[in-house]
Amino acid sequence: MGFRAMQFNFVVSTNVRAIRLWERLGFSVVGRLPGAFNHRTLGYVDVLIMFKRLAPRLPPEGNSIMKLPPDTSFFVYQTTGDDNEPR
């Protein structure tokens, strides 16, 4: 199919068992959406976005910078500390 990576949306940040399962399957946390899930007892908690590379990274061909429309915005959040634990 030509896919070299996949993303899994959403893993609730309080679901430690699910996070560990996805990590054992080779996924890593690449983003966090603050307060995106309404937990029934904890209220709004973060969700994690997880990513797995399916093929080796290839060297860039020519200009590898992705062009986005000027009105496009997105955020990348730091998700781990020195102990590699989600924050």
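Quick note: structure is the one above.
Attention here is on the structure that accompanies the text. Computed from a predicted model, the values in this text were never measured in an experiment. (Residues numbered from 1 in each chain as written. Predicted model: local features only at pLDDT ≥ 70, side-chain atom pairs only at ≥ 80, totals over all residues. Heavy atoms only, no water.)

### A look at the overall build of the protein chain
On a plain count of helices and strands, the protein chain comes out with one helix and three strands. Along the protein chain, helices (α) and strands (β) appear in the sequence β-α-β-β when read from the amino end. Put simply, the protein chain has 87 residues, and 18% of those count as buried. Summarising the internal contacts of the protein chain: among those between residues at least 6 apart in sequence, 56% fall at separations of at least 24. Working note: accessible area of the protein chain is about 7200 Å², and carbon and sulfur atoms make up 56% of it. (Helix = DSSP H or I, 4+ residues; strand = E, 2+ residues; numbered from the N terminus. Buried < 20%, exposed > 50% of the residue type's maximum accessible area, 1.4 Å probe, protein only. Contact = heavy atoms within 4.5 Å. Areas by Shrake-Rupley, 256 points an atom, 1.4 Å probe, with all protein chains shown as cover.)

### Comments concerning the pattern of salt bridges
Oppositely charged side chains are able to pair whenever their charged atoms sit close together. Under the criterion given, the structure shown has two salt bridges. With a shortest N-O distance of 3.0 Å, Glu-23 and Arg-20 are connected by a salt bridge. Highlighted residues: Glu-23 and Arg-20, both in helix α1 (residues 16-24), separated by three residues, approximately one helical turn. By relative accessible area, which is 30% here, Glu-23 ends up partly exposed. Residue Arg-32 is joined to Asp-46 by a salt bridge in which the shortest nitrogen-to-oxygen separation is 2.9 Å. Of this pair, Arg-32 sits in strand β2 (residues 28-39) while Asp-46 sits in strand β3 (residues 43-53), and the two are 14 residues apart along the sequence. Across the pair, Asp-46 and Arg-32 agree in class, each one buried. (Salt bridge = Lys/Arg side-chain N within 4 Å of Asp/Glu carboxyl O.)

### What about the packing of aromatic side chains?
According to the stated counting rule, one finds one aromatic pair in the structure shown. Judged by centre distance (5.0 Å) and plane angle (80°), the rings of Trp-22 and Phe-27 are edge-to-face. For Phe-27, a relative accessible area of 7% puts it in the buried group. (Phe/Tyr/Trp six-rings, centres within 6.5 Å; stacked < 30°, edge-to-face > 60°.)

### Quick look at the pairing of β3
Pairing geometry for strand β1 (residues 5-12) and β3, over six bridges, is antiparallel. Its bridge partner being in β3, Gln-7 is matched across the sheet by Phe-51. Where β2 meets β3, eight bridges bridge the pair, whose relative direction is antiparallel. The partner of Gly-31 across the bridge, within β3, is Ile-49. From the end of β2 to the start of β3, which pair antiparallel, there are three residues. (Pairing = 2+ DSSP bridges.)

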